[in-house]
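A look at the structure
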Amino acid sequence: MVSCFVSLRLGWCCGTLPRWRTNVQHRTVATWTSATAQWGLQQKKLAELYCPPVSQPPPRWGSSLLGKRAFSTTSASPQEVMLTSERYGVQRLPFSHLSDGDFAFFESLLPGRVVTDPDELRTFNVDWLQSMRGCSKMLLRPQTAAEVSEVLRYCNQRNLAVTPQGGNTGLVGGSVPVFDEIILSTALMNQVISFDKVSGILVCQAGCILESLNQYLAELDFIMPLDLGAKGSCHIGGNVATNAGGLRLLRYGSLRGTVLGLEVVLADGSLLNCLASLRKDNTGYDLKQLFIGSEGTLGVITAVSILCPRKPKSVNLAFLGCQSFSQVLGTFTACKGMLGEILSACEFMDDLCMTLVESHLTLSRPVTGSPFYILIETSGSNSAHDEEKLNHFLEHVMASGLVTDGTVATEDKKIKALWSLRERITEALTHDGCVYKYDLSLPVERLYDLVTDTRARLGAAAKRVVGYGHLGDGNLHLNVTAESDSRSLRDAIEPFVYEWTARHHGSISAEHGLGFRKKQHIEYSKPRGAVLLMQQLKAMLDTKGILNPYKTLPAAP
Ligand SMILES: O=C(O)CC[C@@H](O)C(=O)O
Ligand SMILES: [Zn+2]
């Protein structure tokens, strides 16, 4: 068995797994690590968690350079991005316009925390993809739920629209205003309220940055149950509001399970305290679920109670090459069966994705020559046991021809370097031109057919059609790039992709939400009756419709 897999030319090994060391491909660790500095980290110390800078840095979905402007990833500067209202021909709803009296009120409520300078407002008005731009004239930076409550009570009385904003890393235009909505930033609500080492329950304010929380927990031997590429900028409140999925969902489940409680301010300013820290609570309706994934349209999340797992003692990450998507599926099936309880992530990406990270970000992949790559992570408490299991699995997939090449990392630095090949695809895509993004849930065995069909349909009209995603969750990220935005290309992609997805009983938004971009397409994934009920709930909780208008749901009939 072992000799068989050596002859199959194993890639280099980053770690200590014995058999995989018998590789023939010697790649120096220096070359590898220098090209793959981890991105998205703000490297914030806990001190900064409590004392953040006054002006929020631009959101990052992939910059490894501290201080680098996110907006340098494409050629447009924030002021050049076309106004959303013009691009999509949206009519402003009859909300009030800000008056001098409003400015005076907010200045007295939040002294020094009201931003009205047009230059400072620019980055908050534009989404991370730089394809949507609002024209808000005011950004508010409350520090407490009581302040959020005062803000919303006033806005509701005055009929002023509000867009809640966390790290502004969303990909569907949900966190930026469409017109002149007041931006309500959670950036200064960044306190850890409590952490219970026995239960693993963390209670924190909504503006805590995901990466900072993870660093805080790591010192206590715990981790966040959620991890995603935007971790260096995204806020936990935004993660919950969008029901973000990410890389650890396979192991720890969705936020609908790990979030135990929420504190939410409703549109009229009333404070809903459902910040329970209980694993079990069967008293009445589970109201927190209404706000998870509601994208700030039903209330503003101000604090989160979340169950955090122990930090695994042993982590291994395998990067494997497969010759076909059916081999990818075979490898996935094998890893679920053979790695069982230690399997913590299973991601796939096609060759084009790797070409993009190599050419645009100068990262290098450890193995080449395969049309598909899989990342399989194990996390456990006993390295000898985990390595033995992983070795058996690797022997099996190599011997059966499911995998033709691979490498394994066991050291933290090398694991991060390998992960960045996957995490930075989003960033690499923005360097490739105009990007059309689709985030689909599909039966896993049909996942890549959509990429193949889209590629065939678009032909030379697209620059690249790439597929990658959370294989273990049946979640495909289909991305199409083109030299420039074109109506005819968009029309060729939509509704084709949505119809294809609906035909296969999938979802047109697996984890990114609907925001502004996808809200008109909700009926591909939800029956009309369900959409109607959602609209009724929205009307009941936000009678004047001031919370994140123009998002998530199509206008009520
Ligand atoms: O950019 C995308 O399409 C996906 C972003 C994110 O959900 C990921 O999994 O990397
Ligand atoms: Zn994703």
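Residues numbered from 1 in each chain as written. Chains lettered and ligands numbered in written order. Predicted model: local features only at pLDDT ≥ 70, side-chain atom pairs only at ≥ 80, totals over all residues.

Turning our attention to the nonpolar core. Leu213, Val304, Leu317 and Ile374 are the most contacted members of the largest nonpolar core, which totals 145 residues. Of the residues forming this core, the biggest block, six residues, is contributed by strand β10 (residues 314-322). When residues no more than four places from it in sequence are discounted, the contact partners of Leu213 are Leu202, Cys204, Cys208, Met224 and Ile236. (Core = buried A, V, L, I, M, F, W, Y, C linked by C-beta atoms within 7 Å. Buried ≥ 20, exposed ≤ 12 C-beta atoms within 10 Å, placed from the backbone. Helix = DSSP H or I, 4+ residues; strand = E, 2+ residues; numbered from the N terminus. Contact = placed C-beta atoms within 7 Å.)

All residues adjacent to ligand 1 are Leu171, Gly229, Thr426, Lys437, Asp439, His477 and Asn479. Only β14 (434-441) and β16 (475-482) provide two or more residues apiece to the shell around ligand 1. Classifying every residue of the shell around ligand 1 by side-chain character gives one nonpolar, four polar and two charged. (Near = placed C-beta within 6 Å. Nonpolar A, V, L, I, M, F, W, Y, C, P; charged D, E, K, R; others polar.)

The interhelical angle for the contact between helix α18 (residues 449-458) and helix α20 (residues 496-503), taken along N-to-C directions, is 150°, at an axis separation of 11 Å. By the criterion of interaxial angle, the relationship of α18 to α20 is roughly antiparallel. Classified by chirality, the crossing of α20 by α18 is right-handed. Residues Leu450, Asp453, Thr454 and Arg457 of α18 touch α20, and the partners they reach there are Phe496, Val497 and Trp500. In terms of residue class, the contact of α18 with α20 is made up of four nonpolar, one polar and two charged. (Axes fitted to C-alpha atoms, helices over the stretch in contact; angles between N-to-C directions. Parallel < 35°, antiparallel > 145°, perpendicular 65-115°, else oblique. Left-handed = near helix turned anticlockwise from the far one by under 90°.)

This part is about the sheet that holds strand β2 (residues 139-140). A sheet is described by the order of its strands in space; here four strands give the open sequence β1-β2-β4-β3, paired in mixed fashion. Each end of this open sheet is capped by a strand with a single partner; those strands are β1 (114-115) and β3 (162-165). Pairing analysis gives two bridges linking β2 to strand β4 (residues 182-185), with the strands arranged parallel. Within β4, the position partnered with Leu140 by the bridge is Leu184. (Pairing = 2+ DSSP bridges.)

Here the focus is unusual backbone geometry. Cis geometry marks the peptide bond from Glu494 to Pro495; its omega dihedral reads 10°. The phi angle at His505 is positive, at roughly 60°, despite the residue not being glycine. Tracing the sequence through the fold places His505 in the loop between α20 and α21 (528-541). With 11 C-beta atoms packed within 10 Å, His505 lands in the exposed category. Although it is not a glycine, Tyr550 sits at a positive phi angle of roughly 70°. Position of Tyr550 relative to the elements: it lies in the segment after α21.

This part takes up the domain arrangement of the protein chain. Where the parts come together, the accessible area they lose is often given as the size of the interface. Along its sequence, the protein chain is organised into domain 1 (2-34 + 313-425), domain 2 (46-185), domain 3 (192-307) and domain 4 (432-525). The C-alpha centroid of domain 4 is placed 28 Å from the C-alpha centroid of domain 3. Opposite the seven residues of domain 3 that make contact, domain 4 presents eight residues. Counted by class, the side of domain 3 that touches domain 4 contains three nonpolar, three polar and one charged residues. (Domains from an automatic or database assignment.)

Moving on to helix α15 (residues 383-399). The end-to-end C-alpha separation of α15 is 24 Å, in line with the 24 Å expected for 17 residues at 1.5 Å each. Of the residues making up α15, those classed as buried are Asp386, Glu387, Lys389, Leu390, Phe393, Leu394, Val397 and Met398. Relative to the axis of α15, the buried residues are bounded by an arc of 160° and lie together on one face. Of the exposed residues in α15, those oriented more than 90 degrees away from the buried face are Ala384 and His385. Directly beyond the C-terminal end of α15, a positive phi value near 80° is found at Gly401. (Expected span 1.5 Å × (residues − 1). Arc of directions from axis to C-beta.)

This part covers the sheet that holds strand β8 (residues 271-274). As summarised here, the arrangement of the five strands in space is β5-β6-β9-β7-β8, forming an open sheet in which the pairing is antiparallel. Edge positions in the sheet fall to β5 (192-196) and β8, since each of these pairs with one other strand and no more. Averaged over all pairs of adjacent strands, the angle between strand axes in this sheet comes to 10°, irrespective of strand direction.

Turning our attention to the confidence of the model for the protein chain. Mean pLDDT over the protein chain works out to 88, with 86% of the residues at or above the 70 mark. A low-confidence stretch, residues 1-56 (pLDDT under 50), is modelled with 117 contacts involving residues beyond four sequence positions or located in other chains. Within the model, pLDDT remains below 50 along residues 62-75, and this stretch shows 28 contacts once partners closer than five positions in the same chain are excluded. Predicted as a complex, the structure gets a pTM of 0.89 and an ipTM equal to 1.00. (pLDDT = per-residue confidence, 0-100.)

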